[in-house]
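One letter stands for each residue in the lines below.
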Amino acid sequence: MAGHIYGAINLGSSELALKIYEISKKNGITELTHVRKKYSIGSETYSTGVVSYRSMTEICSTLNDFTRIMEEFGVDSSDVYATSGIREAENMLVLLDQIRIQTGYPVRTLSNSEARFLYYKALAMSETRLFTITEEGTLTVDVGAGSMQLSIFDKGKLLTSQNFLLGASRIQELLQVMEDDTFDYNSLIDEYIEKDIVSFFKFNLHGVTIKNIIAVGGMIPDAYHYMRERKAEFDGFVKSKTISKVKSSLTGLSADTSKLVLPTITILRKLSEMTNCDKLILTPIDLCDAMVAEFAEKRLKMSSGHDFTEDIITSAKTLAIKYQCDMEHIETIEGLALQIFDRIKRLHGLGKRERLLLRLGVMLHSIGSFISDLHSRENSYHILMTTELIGISDTERLMIANMIRYNDDRFPDYLSLGDDISREQYITVVKLNAILKTANVLDKSNRHKIKNVGVSLEGDVLTLTADTMADITLEKGLFHDKANSFEEVFGIRPKLVQKKSGRN
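Residues numbered from 1 in each chain as written. Predicted model: local features only at pLDDT ≥ 70, side-chain atom pairs only at ≥ 80, totals over all residues. Heavy atoms only, no water.

### Considerations on the overall build of the protein
Then comes step 1: From N to C terminus, the protein includes 21 helices and 13 strands.
Then comes step 2: Per-residue burial for the protein yields a buried fraction of 55% across its 504 residues.
Then comes step 3: Long-range pairs, those at least 24 residues apart, make up 70% of the contacts in the protein between residues at least 6 apart in sequence.
Then comes step 4: Here the protein displays about 22,600 Å² of accessible surface, and carbon together with sulfur accounts for 48% of that area. (Helix = DSSP H or I, 4+ residues; strand = E, 2+ residues; numbered from the N terminus. Buried < 20%, exposed > 50% of the residue type's maximum accessible area, 1.4 Å probe, protein only. Contact = heavy atoms within 4.5 Å. Areas by Shrake-Rupley, 256 points an atom, 1.4 Å probe, with all protein chains shown as cover.)

Laid out in structure tokens, this is it:
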């Protein structure tokens, strides 16, 4: 079969949606049908902490209805993804287990950074024209029911991204109790939004002037489809209209939908004001479109041509600069670590994704020094565990954090790390940690004495040839201990040899 009929099911915070697509390399991605059912899972989770049994039953019933629809269309592949409305529920595991039992669907629960990264992929694949404007300063706003993600692009690359618990449903739940106690409810929302995002622009613009605002996310398609009938272009439209006029223009939407769309538009107005940018672009892309973009990329090798891995790396590099890391040191260690990784492939058995995690570990291994050199690794761990990395899952972030945490110490046994990572993931972290330790010790003084290093593997010996005229007595002394750790993991012993060619 040349193409696929794919079913994407989004178990979202405010609706359960099914989109069926036909996918082929020749004709691209074509949407065949879109079915959706509104519900209030997000409201339940954000207000009570749990999803009710009644909602659980409703979800399973709807999913079984979706199964029958997909059978009619001859769907050959499908996925079910869930986001914050499910992820933050205290009874998430019970809910996912009931869905599996009653419908047969395994549900992939996306971390925030994973969900937002998928939106960028969908934007690049289906809205190529729009994504090209990121060559100039562009703010992307991903507004969901539970949270909002702000990302800054410039010169076609992602510079930084941050999540805020300012989703439309969450804002509505938090502030509706105050509606009767204020004369200007919308100003109250405006004030609530502003307090959290002022610092983001203060510390993250880095001289970039925002020329465009692209809005995506679960709350945007409703606003897009309704407002498009009234105005073809949105430049300055939301900013120029008063909230009361915007509110009155939403009368064609259902009461539940308009309650969520209004906080969404208020968010967009505030961002437009704070960046002094009138060019607002709404796109109807939703999570189902993001899911099919990921499926097409993995199964049919379809690509937008944009290097998203480079976005992840650039974002991590921006974080390292924010914490005033020595970027020359990082560049030196990165080059050596990747050489070691590539030379011993047959010994570690890891792939491209693990190579990326190693690069991120190298870039972020010293961010904790910004707080204190005395407990640098521990500080790095805690900073990373409270900082999202776009495109990296929560589990992968934990793996990177532990790789860094034990950069100077013996790596603990599996049981000491708890149940947050699997045994296979633990072994991966141990391997990456051994490589990071070995690479890092060659510039332990941060004086960049070693710039040219050759790596060769012959038999049971990994030889690192340092081409430098400098005195590397310290590096040689510290290397012995790290060599022991490396040998324990890979069964070969690294050897440091100095070569004095004078090229440096």
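Let's pick the thread back up.
### A short note on the sheet that holds strand S9 (residues 212–216)
Then comes step 1: Ordered in space as S8-S7-S6-S9-S10, the five strands form an open sheet in which the pairing is mixed. Edge positions in the open sheet fall to strand S8 (157–164) and strand S10 (280–282), since each of these has one partner strand only. The mean angle between the axes of side-by-side strands here comes to 20 degrees, regardless of whether they run parallel or antiparallel.
Then comes step 2: As paired strands, strand S7 (residues 148–154) and S8 are joined by seven bridges and run antiparallel to one another. By the bridge assignment for S8, Ile152 is matched with Thr160.
Then comes step 3: Packing of helix H5 (residues 112–126) onto the sheet brings it into contact with strand S6 (138–143), S7, S8 and S9, and relative to S7 it is tilted by some 50 degrees.
Then comes step 4: Strands S7 and S8 of the sheet are contacted by helix H14 (residues 308–322), whose axis makes an angle of about 70 degrees with S8. (Pairing = 2+ DSSP bridges. Axes fitted to C-alpha atoms, helices over the stretch in contact; angles between N-to-C directions.)

### Thoughts on the confidence of the model for the protein
Then comes step 1: For the protein, mean pLDDT is 82; residues scoring 70 or higher make up 85% of the total.
Then comes step 2: Here helix H10 (residues 237–240) stands out as the element of the protein with the lowest mean pLDDT, 54, in contrast to helix H17 (residues 352–364), whose mean of 95 is the highest. (pLDDT = per-residue confidence, 0-100.)

### So, the packing of aromatic side chains
Then comes step 1: This model, assessed by the stated rule, comprises ten aromatic pairs.
Then comes step 2: Relative to Phe370, the ring of Tyr323 has its centre 5.4 Å away and its plane inclined at 85 degrees; by these criteria the two rings are edge-to-face. In this pair, Tyr323 sits in the loop between H14 and helix H15 (327–343) while Phe370 sits in the loop between H17 and helix H18 (376–385), placing the two residues 47 residues apart along the sequence.
Then comes step 3: Take Phe370: its relative accessible area is 43%, and that puts it in the partly exposed class.
Then comes step 4: Ring centres of Tyr406 and Phe411 lie 5.2 Å apart, and the angle between their planes is 65 degrees; on these two criteria the pair is classed as edge-to-face. (Phe/Tyr/Trp six-rings, centres within 6.5 Å; stacked < 30°, edge-to-face > 60°.)

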